Structure formats: structure tokens, C-alpha cells
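Structure assessment
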Amino acid sequence: MLINKDTRLCISLSGRPGNFGTRFHNYLYQKLGLNFVYKAFSTDDIEHAVKGVRALGIRGCAVSMPFKESCIPFLDELSASAKAIDSVNTIVNGHGRLKAYNTDYIAIAKLIEKYGLSPQSRVLVHGSGGMAKAVVAAFKDAGFAQLQVYARNRGTGTQLAESYGYVYIDTLEKAAADILVNVTPIGMAGGNEADALPFPEAMIEAAQTVFDVVAMPAETPFIRHAAERNIQTISGAEVIVLQAVEQFALYTGQRPSESLITEAAAFARAG
């Protein structure tokens, strides 16, 4: 489809842009004959970037680390999903009014249900940023009573844990859990810790399920280490597809078929 004056623009804002969202959304636009185009951006000025979304009539904006909280003062309305955890990953521009959502939360909740994770399980979450809020909130709403938060930043880690009635721990020594969740950039391709594990090997090997929200690569060192030991894994690749589908529906008002979603995800991962 040729871009013209009526083409609607959707974008992403991220500290470290990737190709997944761009390829995923544009593939679906083309297949469904929608006059949309999607482009990834980074910025060091989140205030004016968000104001640009409004001023230029950009239809939708995905928000990734480190902007999920810092963008909030420049928005007009928070949906229930964003307000509940004070974190945003999706902005929809409705005739100049910017409404925020958190489709990360929706994706995590769906995966907890899909994999039949038991609320009686002990959960340990590593991380305390915007995505960690979505993870902890989803586990809380799914009825998990035993959850601990570990983070390098003691202040944000303590705040996150206490805001949901959980416990913050300041060391992984002697810690144990049935479900381990990585919500840090550890293992992310191109990062400083691309080859590192977010938890000690012994802790991973004693777990029943490992859950990594890092989407690139699909098989992080964390996921690979667990899979090689026949431990159930939930990857960030699954998270990114589910949350992207919700974004697509918010931007366009259309929800693709499961087969088309699978096609788009495969195309996006190949790029």
C-alpha cells in the first residue's frame, strides 16, 4: 500500500528501539488493507515526543523502557489498566486527546492463565520498573499470595513490593521460588548483560517455571538454561506478541485472526 496524505501513523518510543513492533504492525496493516504505517523512534525528550504525538495527529504510540512512567504527566487520561499500576505502554490519540493503556498487564494475565500457574506457588520477581509493575499486578490479581520482589534499586523495589502487599528482598542468597520472573534487561541482545543470568543457576534449576519478559532474543540465556533442564518456560516473545495484538486493536479497531497473528509474529521475528 502506498503512503498518502490520509495514511495514519503509529509509532513506538523506546530507549533501545527494535524491529519487532515495526514489522509486526506493518505486516498486519498490509494484510488487512489498512492505510496505516508504523515507525520506531527513540528520544531523549519524552515530554516533547509525547506532545508531538498530539500535535501531529499520530494515532498510536507504544511506550517502552525507560518511558513507561515518565510519559504520564503529559497525557490526558489513564485507562483502568494504566491507572491501576501507574505505568503506560500504549497511548491512543483520539482527536487530540491522549489516553493511556497498559497492554503488558493484559498479556501477563493471559499467560498466567494459559500456562496454568498455580496461585499457591511461590513467585520471585527480579526488577522494579514499569514492566515489573505490570507483572506484579497481574500476579496479585490472579490470587498469588506468596511473591517477593528483588531489585538492585532498593527504593523502587521496596515501593513496588509494599504497594501490592508483598515482600522486598535485598539479596538472592538463600532465596527460593517455584516461579522465577525476570523483568530486567539482563539477557537482552545488544545489552551490557546479554550473556548473563538474572538468577543464580541453582535457583533456576530448583524452579518449576521460569518467565522472562525480555523479547529479543526469543531464547535468552535464562530461557535456554531452563529449557535445557526441562523446566517450563514462558518467553518474552510470547509477551510481546500478546501485548502488540492488544495495541493493534486499540489503534485500528480491528482484531486479526489467530492465524494472521501467528504469521505476523513469525515475520517480525525474522527481521
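Scroll up to find the structure this text is about.
Presented here is an overview of the structure given in this document. (Residues numbered from 1 in each chain as written. Predicted model: local features only at pLDDT ≥ 70, side-chain atom pairs only at ≥ 80, totals over all residues. Heavy atoms only, no water.)

**Regarding the sheet that holds strand β9 (residues 167–169)**
Read from one edge of the open sheet, 6 strands run β9-β8-β7-β10-β11-β12, paired in parallel fashion. Across the chains shown, the open sheet's two edge strands, defined by having one partner strand only, are β9 and β12 (232–234). With strand direction ignored, the average angle separating the axes of adjacent strands in the sheet is 20°. As defined by bridge partners, strand β7 (residues 123–126) adjoins strand β8 (residues 147–150) across 4 bridges and the pair is classed as parallel. Paired with His126 across the bridge in β8 is Tyr150. (Pairing = 2+ DSSP bridges. Helix = DSSP H or I, 4+ residues; strand = E, 2+ residues; numbered from the N terminus. Axes fitted to C-alpha atoms, helices over the stretch in contact; angles between N-to-C directions.)

**Let's talk about the nonpolar core**
Residues Ile108, Phe139, Val181 and Phe211 are the most contacted members of the largest nonpolar core, which totals 33 residues. When contributions to this core are tallied by element, the ones reaching two or more residues are α4 (103–114), β7, α5 (130–141), β8, α6 (154–163) and β10 (179–182). Apart from the residues within four sequence positions on either side, Phe139 is in contact with Ile112, Leu117, Val123, Phe144, Leu147, Tyr166, Ile179, Val181 and Phe211. Judged by nonpolar contacts, the second largest core, of 24 residues, contains Cys10, Phe36, Val245 and Ile261. (Core = buried A, V, L, I, M, F, W, Y, C linked by side-chain atoms within 4.5 Å. Buried < 20%, exposed > 50% of the residue type's maximum accessible area, 1.4 Å probe, protein only. Contact = heavy atoms within 4.5 Å.)

**Some remarks on the sheet that holds strand β1 (residues 8–13)**
Spatially, β2-β1-β3-β5-β6-β4 is the arrangement adopted by the 6 strands of the open sheet, whose pairing is mixed. Among the strands making up the open sheet, the edge pair consists of β2 (36–41) and β4 (77–78). Examined bridge by bridge, β1 and β2 share 6 bridges and lie parallel to one another. Bridge pairing in β2 places Leu9 opposite Val37. Against the sheet, helix α2 (residues 46–55) contacts β1, β3 (60–63), β5 (90–94) and β6 (97–101), and its axis sits at roughly 115° relative to β6.

**A look at the packing of helix α9 (residues 236–252) against helix α10 (residues 258–269)**
Direction vectors running N to C along α9 and α10 enclose 125°, while the axes themselves pass 11 Å from each other. Relative to α10, α9 is oriented oblique. In this structure, α9 crosses over α10, and the sense of that crossing is right-handed. Residues Ala237, Val241 and Val245 of α9 form the contact with α10, whose own contacting residues are Ile261, Ala265 and Arg269. Within the contact of α9 with α10, the residues separate by chemical class into 5 nonpolar, no polar and 1 charged. (Parallel < 35°, antiparallel > 145°, perpendicular 65-115°, else oblique. Left-handed = near helix turned anticlockwise from the far one by under 90°. Nonpolar A, V, L, I, M, F, W, Y, C, P; charged D, E, K, R; others polar.)

**Focus: the pattern of salt bridges**
Taken as a whole, this structure holds 15 salt bridges when the rule is applied. The partner of Asp76 in a salt bridge is Arg54, with the nearest N and O atoms 2.6 Å apart. Placement of Asp76 in the loop between β3 and β4 and of Arg54 in helix α2 is noted, with a sequence separation of 22 residues between them. Overall, Asp76 belongs to the partly exposed group, its relative accessible area being 34%. Glu69 is paired through a salt bridge with Lys133; the nearest N and O atoms lie 2.8 Å apart. (Salt bridge = Lys/Arg side-chain N within 4 Å of Asp/Glu carboxyl O.)

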